[in-house]
Amino acid sequence: MMDLHRSLKWWIYFLLCAPLFGVSYGELRYVLPEEMNRGSVIGNVALDLGLQVSELQARRARVVAEGTSQLCELDTASGNLLISQRIDREELCAQANSCILQFQLLLEDPLQASSLVLDIADINDNNPEFATREIKLDLVESTVLGRRFPLECAHDPDLGTNSIREYKLSHNDHFALEMSSQINGNSYPELVLKKQLDRETETEHLLEINGIDGGYPVRSGTAFIHIRVLDANDNVPIFSRRLYKASVPENAAKGTLITTLNATDFDEGVYGEITYSFSHLSDKMGGVIEVNPLTGEVRVAGVIDYEEASSHELGVQAKDGGGQASHCKLVIDIIDLNDNKPVIEIKSASSNIAEDARPGTMVALINIYDMDTGNSGHVICSIPDNVPFKLVSEVKNYHMLVTDGILDREFQPEYNITVTATDSGSPSLSSVKVITLLVSDVNDNPPTFTHYVYNANILENLPVGTLVIKLEAQDSDDGTNAKILYHISQDTNSELSSFFTINQNTGELFTSYTFDYEQSAYFQLKITAQDGGDPQFSSTCTVNIFIQDQNDNGPVILYPVQTSGFIAEDVVPIEAPGGYLVTKVVAVDADSGHNAWLSYRIIKATRSNLFMADLHTGEIRTLRTFMEEDEPKHTLVVLVTDNGRESLSATATVSISLSDGMPVLSEFYEFADKSENNDNLMFYLIIALSTVSFLFVLLISGVFYFNFCDHSYVYRSNTSSLPVFPTTYCTSTLTDFSRCGTLLREDRYDPFMTTGSWRGDFRFGSNTDTDILKKRSAAYQKNTLRRLSTERPSLKIRAGPTHPCYVIK
């Protein structure tokens, strides 16, 4: 029943005091009694600070202690501040008049710190206790009436009205109990002799003393006074001072002398022998300070720590051999030394931070304090200068580690930030803590190709799925932001893009079509590399694909027209001299370059020694003059061969008739004469060119070639017999960028003529014969072209603007 009344009283007291909190400069104060049950509500923080309850969880609200154990916690669901551990005022604050516990309420995003002050009110939860349950006194029977004998005070850890209020002595005839005051104002009980002692009548007296506090319900402690009546001990020990003051530095070595007590007794013998002792030592002081019972020297016996208590007040007793005792106070002040390193506590820290975090973004909240006082407790916190971070302090003892520059994961993916706390003591002490921070990747870098333009060469007629080129792009980001997918850009013509496929993961470009150089010799694709970030970045490169020619087309005879059952005849004057131009075999090859270089050779003739074919031009000339025994008609089979690695060929049948009345054209004969001279000239040019080339190679033998230029050497003669080598006569190992084969797309079937060859192909001399031959030739050509149109509908036929015959297109 008494406990119920006591609890009711303190709950009423708490309800009256708890509203007396103040929010001043971010400080929230609550007054609460000690010994509240765990889970008890101290107050509603959200309501008192004007916050929404939902903010507490969203902003990671929490309560952190400053150097003390975590005695309370925050319920973010309700905003209530709850008791989390037992709060014992006497254990936390000993005999201090006020017991203040300091906490911090922290909220993030943005950082906000509010000071929580818990003022712990004392309740009457401790009984008064005497240092010993039995007090022994030896008194001589001659002790004068009114003699006062100081007694040891009872100890009550509670304060104020809850501490010792009065003492009561059990009923007896000889002694009374009275209160006296010390110099410092503390009262203590004294036993006063009221009636003369008589040893012969009563040798012992047993009394009971009660120490009673002023709390509710009342608590008390009891001790027994055992008095023996002796003969003659007239004097009581007397201290030289009623109050001793001394000081000692903390952490002083064991055995260090603090002070020496001095008491005198004028009796002799055993009654004059004085022993010193402490009246009462708390649990914390037990084993820390000791007194020599004979000399009164007070020395250090254990570890003295200023941070636990800055001073100690002890009761000292001097007692003679007859049981007479006196008391005094000893106050020991502890001198603070710089013996504590600053404490660095990471209250909140992010393990990683995005590289695009803005300057001022908080990454860690650091609580730094020092248990020392004065300059020894003043702490300076710092971090290295070579990191893009800084410390910002807006609340005492709390520092925010925030960004102070632009972060770049590709430049620095991880930071080990050393936080150093140094106090101002002498010598100064410091503490170090390393905060490891990973910079998380943000997709801020596009993929980059190793080249802006790629050139690839592939042969025609290769099967579908042939690897063209492998493209590679690099992305300096990380993870999915660096995962690159390749695809053909939408800028590329859809029809063109269907010719190729690309592996989106490896960047390997494959053919999806069998290419024909004669149809398409060059492609240009736009390839896009796209990363997997959000937002996505991409880059584009150009791929030039050159189709290289293979010798897959044989020569095609254009003239004389080769049709089944009909071969055009060429007429030559019977008086024609040797070297006279008779006709010309015209052939083309749809390939290009080296593969289209055609050569002509007679493989069958009516007379083998009568006609010759120019190796390069296909011109048919007489080797000698005609004789009477020569046949009037001759048939030649001309083999036309290309210059491919595996050469292809075609044959042309040439029919030649000798005409007796046909005039000899001097220009056909002159062409032959000049051709011999020009052949010699060509020979000399080749020798000169070889010599110059050899000297040039010697000059630049130390230089590496990266790009080679195609050079076409064309010699144009003023005469009609010298052959012209077109630009297609280039090395087969070089790529034909100009597509300068014997068949171009627009002029697929235009024959290549030698310079001046128009003079002798389809032109004749005299006016009458010429007119007749022109008409016959025109009729023959029309019939021939009509048959070609029927047999080859894909061919186009047009009239040449300068040539007297038709040109097949």
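Residues numbered from 1 in each chain as written. Predicted model: local features only at pLDDT ≥ 70, side-chain atom pairs only at ≥ 80, totals over all residues. Heavy atoms only, no water.

J.: Would you mind going over the overall build of the protein chain with me for this structure?
T.: Helix and strand content of the protein chain: eight helices and 54 strands. Within the protein chain, the fraction of its 809 residues that count as buried is 44%. For the protein chain, restricting intrachain contacts to residue pairs at least 6 apart in sequence, the fraction spanning at least 24 positions comes to 69%. Approximately 42,400 Å² of the protein chain is accessible, and the part contributed by carbon and sulfur atoms is 51%. (Helix = DSSP H or I, 4+ residues; strand = E, 2+ residues; numbered from the N terminus. Buried < 20%, exposed > 50% of the residue type's maximum accessible area, 1.4 Å probe, protein only. Contact = heavy atoms within 4.5 Å. Areas by Shrake-Rupley, 256 points an atom, 1.4 Å probe, with all protein chains shown as cover.)

J.: Is there a simple way to explain a nonpolar patch on the surface in this structure?
T.: A cluster of nonpolar side chains, F683, Y684 and I687, forms an exposed patch at the surface whose accessible area comes to about 340 Å². Among the structural elements, Y684 can be located in helix α6 (residues 666–699). (Patch = residues over 30% accessible without salt bridge, like charges linked within 9 Å, V, L, I, M, F, W, Y side chains within 5 Å. Salt bridge = Lys/Arg side-chain N within 4 Å of Asp/Glu carboxyl O.)

J.: How should the environment of G661 be read in this particular structure?
T.: Within the secondary structure, G661 is located in the loop between β52 (649–659) and α6. Of the residues examined, G661 reaches a relative accessible area of 62% and is grouped as exposed.

J.: Explanation requested: the environment of D475 in the structure shown.
T.: The topology assignment puts D475 in the loop between β36 (473–474) and β37 (484–488). Look at D475 and you get buried, because its relative accessible area is 11%. Taking C-alpha positions, D475 is 9.6 Å from N443, a pair spaced 32 residues apart along the chain. For D475, the residues in contact, after removing those within four places along its chain, are N445, P446, P447, N481, A482, I484 and D531. From its side chain, D475 meets the backbone nitrogen of D477 in a polar contact 2.9 Å long. (Polar contact = N/O pair within 3.5 Å; in protein donor to acceptor, adjacent residues only side chain to side chain.)

J.: Looking at this model, I keep getting lost on the sheet that holds strand β22 (residues 297–300). Mind explaining?
T.: Two orientations exist for strands paired in a sheet by backbone hydrogen bonds: parallel and antiparallel. With antiparallel pairing, three strands are arranged side by side in an open sheet as β18-β22-β21. Lying at the two open borders of the sheet, with one neighbouring strand each, are β18 (257–260) and β21 (289–291). Each strand axis lies, on average, 20° off the axis of its neighbour in the sheet, ignoring direction. Alignment of β21 against β22, held across three bridges, turns out to be antiparallel. Following the sheet pairing, I289 is matched in β22 by V300. (Pairing = 2+ DSSP bridges. Axes fitted to C-alpha atoms, helices over the stretch in contact; angles between N-to-C directions.)

J.: Explain the packing of aromatic side chains here, please?
T.: Scanning the entire structure with this criterion turns up 16 aromatic pairs. Ring geometry for F499 against F515: centres 6.1 Å apart, planes inclined by 80°, an arrangement best described as edge-to-face. With F499 in the loop between α5 (494–497) and β38 (500–502) and F515 in the loop between β39 (508–511) and β40 (522–531), this pair connects stretches of sequence that are 16 residues apart. Residue class for F499 comes out buried when judged on its relative accessible area of 17%. Judged by relative accessible area, which is 4%, F515 ranks as buried. Taking the centre distance of 5.2 Å and the plane angle of 35° together, the rings of Y522 and F546 count as tilted. One end of the pair, Y522, is in strand β40; the other, F546, is in strand β41 (residues 538–548), with 24 residues separating them in the sequence. (Phe/Tyr/Trp six-rings, centres within 6.5 Å; stacked < 30°, edge-to-face > 60°.)

J.: Explain the pairing of strand β31 (residues 414–423) to me, please; I cannot follow it from the model alone.
T.: Remember that side chains alternate between the two faces of the sheet whenever the strand is regular. The alternating pattern of β31 places Y415, I417, V419, A421 and D423 on a buried face and E414, N416, T418, T420 and T422 on a face that is not buried. Relative to β31, strand β28 (residues 379–382) runs antiparallel, the two being bridged by four bridges. Bridging from a neighbouring strand, V379 pairs with D423 of β31. Linkage of β31 to strand β32 (residues 430–440), two consecutive antiparallel strands, is achieved through a turn of six residues.

J.: Where do I start with the pattern of salt bridges in this structure?
T.: Between side chains of opposite charge, a pair can form as their charged atoms come close. Evaluation of the coordinates by the stated rule reveals 18 salt bridges. Close ionic contact of E166 with R165 constitutes a salt bridge, the shortest N to O distance being 3.2 Å. On the basis of relative accessibility, which here comes to 26%, the residue E166 falls in the partly exposed class. In the salt-bridge network here, residues are joined through shared partners; they are R148, E178, E190 and K194.

J.: Would you take a moment to explain the state of the cysteines for this structure?
T.: What makes a disulfide is a covalent bond joining the sulfur atoms belonging to two cysteines. Scanning the entire structure with this criterion turns up one disulfide. A sulfur-sulfur distance of 1.9 Å marks the disulfide that ties C93 to C99. Residues C93 and C99 are joined through a disulfide that is right-handed, its torsion about the S-S bond being 60°. Residue classification places C99 among the buried positions, given a relative accessible area of 0%. (Disulfide = S-S within 2.5 Å.)

J.: How should the sheet that holds β32 be read in this particular structure?
T.: Spatially, the four strands line up as an open sheet ordered β26-β32-β31-β28, and their pairing is mixed. One side of each edge strand has no neighbouring strand; the edge strands of this open sheet are β26 (352–354) and β28. Across the sheet, the mean angle from the axis of one strand to that of its neighbour is 30°, orientation sign disregarded.

J.: Would you mind going over unusual backbone geometry with me for this structure?
T.: Excluding glycine, a negative phi dihedral is what most residues carry, and trans is how most peptide bonds are arranged. Cis rather than trans, the peptide bond between Y216 and P217 has omega equal to 0°. Checked against the element boundaries, P217 lands in the loop between β14 (204–213) and β15 (220–230). The step from Y559 to P560 runs through a cis peptide bond, and the omega angle for that step is -5°. Among the secondary structure elements, P560 is positioned in the loop between β42 (556–559) and β43 (562–563). Positive phi outside glycine occurs at E35, with the angle close to 65°. Along the polypeptide, E35 turns up in the loop between β2 (27–33) and β3 (41–44).

J.: Even after reading the chapter, I still don't get the environment of I488, so can you show me in this structure?
T.: Considering the arrangement of structural elements, one finds I488 in strand β37. Spatially, the C-alpha atom of I488 lies 9.6 Å from that of S498, the residues being ten residues apart in sequence.

J.: Got a minute to help me understand the side chain of N172 in this structure?
T.: Mapping N172 onto the fold places it in the loop between β11 (164–169) and β12 (175–181). Only 3.0 Å separates the side chain of N172 from the backbone oxygen of S170, close enough to count as a polar contact. At 3.1 Å, the side chain of N172 and the backbone nitrogen of H174 are in polar contact.

J.: Help me out: how do you make sense of the pairing of β37 in this one?
T.: Residues of β37 alternate between two faces, with I484, Y486 and I488 buried on one and L485 and H487 left unburied on the opposite face. As judged from the five bridges shared by β37 and β40, these two strands associate in the antiparallel manner. The residue of β40 that forms the bridge with L485 is Q530.

J.: I would appreciate a short explanation of the confidence of the model for the protein chain in the present structure.
T.: As a note on interpretation, predicted positions should not be read in detail where pLDDT is low. On average, residues of the protein chain score 79 in pLDDT, and 80% of them reach the 70 mark or higher. Counting interchain partners and residues more than four positions distant, the pLDDT-below-50 stretch residues 772–777 has two contacts. Counting interchain partners and residues more than four positions distant, the pLDDT-below-50 stretch residues 794–809 has 33 contacts. (pLDDT = per-residue confidence, 0-100.)

J.: What is the right way to look at the side chain of N210 in this model?
T.: Of note, N210 is situated in strand β14. Within polar-contact distance, the side chain of N210 engages the side chain of T222 at 2.6 Å. In this structure, N210 is in contact with F130, E166, Y167, K168, G221 and T222, ignoring residues within four places of it in sequence.

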